[in-house]
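# Notes for the structure review
Below are the chains, spelled out letter by letter.
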Amino acid sequence: SAYFRDYSDIEVRPNGKVAITSQEDSQLWVGQLLGVAKGIIDPNVIAFDEQKFDLYDFPKSYGCQTVYCNIEGITFISDEMIMAVSDKMKKHGKQ
């Protein structure tokens, strides 16, 4: 599952496909939420499919330093395309 140090956004499609982002880890988790049908969540069976997920790193610098540390939002354009947004880094390189 998405074990991050922080969570900056979550997006759930009507078919249960989920995207979760982390600023501190500079990562994107994409998986499947069980118990969702046609956009309706059944609270009695809701759970993440622990076998069906992918974890992506946002690009790093040539020195393997985190570049994308301000990921604020994530959205699905389609089941195969995701758009991420960030904000301006605060002074002195702080998140």
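Let me sum up the structure you'll find in this document. (Residues numbered from 1 in each chain as written. Predicted model: local features only at pLDDT ≥ 70, side-chain atom pairs only at ≥ 80, totals over all residues. Heavy atoms only, no water.)

### Observations regarding a nonpolar patch on the surface
- A surface patch of nonpolar side chains, about 370 Å² in accessible area, is lined by I77, M81, M83 and V85.
- Among the residues examined, M83 registers a relative accessible area of 42% and is labelled partly exposed. (Patch = residues over 30% accessible without salt bridge, like charges linked within 9 Å, V, L, I, M, F, W, Y side chains within 5 Å. Areas by Shrake-Rupley, 256 points an atom, 1.4 Å probe, with all protein chains shown as cover. Salt bridge = Lys/Arg side-chain N within 4 Å of Asp/Glu carboxyl O. Buried < 20%, exposed > 50% of the residue type's maximum accessible area, 1.4 Å probe, protein only.)

### Points about the sheet that holds strand β2 (residues 17-22)
- The sheet built from four strands is open, its strands ordered β1-β2-β3-β6 with antiparallel pairing. Across the chains shown, the open sheet's two edge strands, defined by having one partner strand only, are β1 (9-12) and β6 (47-57). Sheet twist, expressed as the average angle between the axes of neighbouring strands with direction ignored, equals 20°.
- Examined bridge by bridge, β1 and β2 share four bridges and lie antiparallel to one another. Residue pairing for β2: D9 is matched across the bridge by T21. (Pairing = 2+ DSSP bridges. Helix = DSSP H or I, 4+ residues; strand = E, 2+ residues; numbered from the N terminus. Axes fitted to C-alpha atoms, helices over the stretch in contact; angles between N-to-C directions.)

### Considerations on unusual backbone geometry
- A positive phi angle, near 50°, is found at S26, a position not held by glycine.
- In the Ramachandran plot, K38 falls in the positive-phi region, its phi being about 55° despite a non-glycine side chain.
- Looking at where K38 falls in the secondary structure, it is placed in the loop between β4 (36-37) and β5 (40-41).

### Details of the pairing of strand β8 (residues 81-86)
- Taken together, the six bridges between strand β7 (residues 71-78) and β8 define a ladder with antiparallel strand orientation. Pairing of G73 across the sheet is with V85, part of β8.
- Hairpin connection between β7 and β8: a loop of two residues separates the two successive antiparallel strands.

### Things to note about the layout of surface pockets
- In this structure, the largest pocket spans a volume of roughly 210 Å³.
- Forming the walls of the largest pocket are K17, L28, V30, G31, Q32, K52, F53, D54, Y56, D79, E80 and I82.
- Secondary-structure elements contributing two or more residues to the lining of the largest pocket are β3 (27-34) and β6.
- Residue composition of the lining of the largest pocket, by class: five nonpolar, two polar and five charged. (1 Å grid on protein atoms, 1.4 Å probe; cavity = no way out; pocket = protein on both sides within 12 Å on 5 of 7 lines; lining within 4 Å. Points joined across faces, edges and corners; volume = space filled by probe spheres on them. Nonpolar A, V, L, I, M, F, W, Y, C, P; charged D, E, K, R; others polar.)

### Quick notes on the packing of aromatic side chains
- The final tally for this structure, using the stated rule, is three aromatic pairs.
- These aromatic residues form a ring-pair network of at least three members: W29, F48 and F53. (Phe/Tyr/Trp six-rings, centres within 6.5 Å; stacked < 30°, edge-to-face > 60°.)

### Structural notes on the side chain of Q27
- Structurally, Q27 is set in strand β3.
- Assessed through its relative accessible area of 16%, Q27 is described here as buried.
- Within the structure, Q27 has its side chain in polar contact with the side chain of D57 (distance 2.7 Å).
- Excluding residues within four positions of it along the chain, Q27 makes contact with F4, I20, T21, S22, L55, Y56, D57 and F58. (Polar contact = N/O pair within 3.5 Å; in protein donor to acceptor, adjacent residues only side chain to side chain. Contact = heavy atoms within 4.5 Å.)

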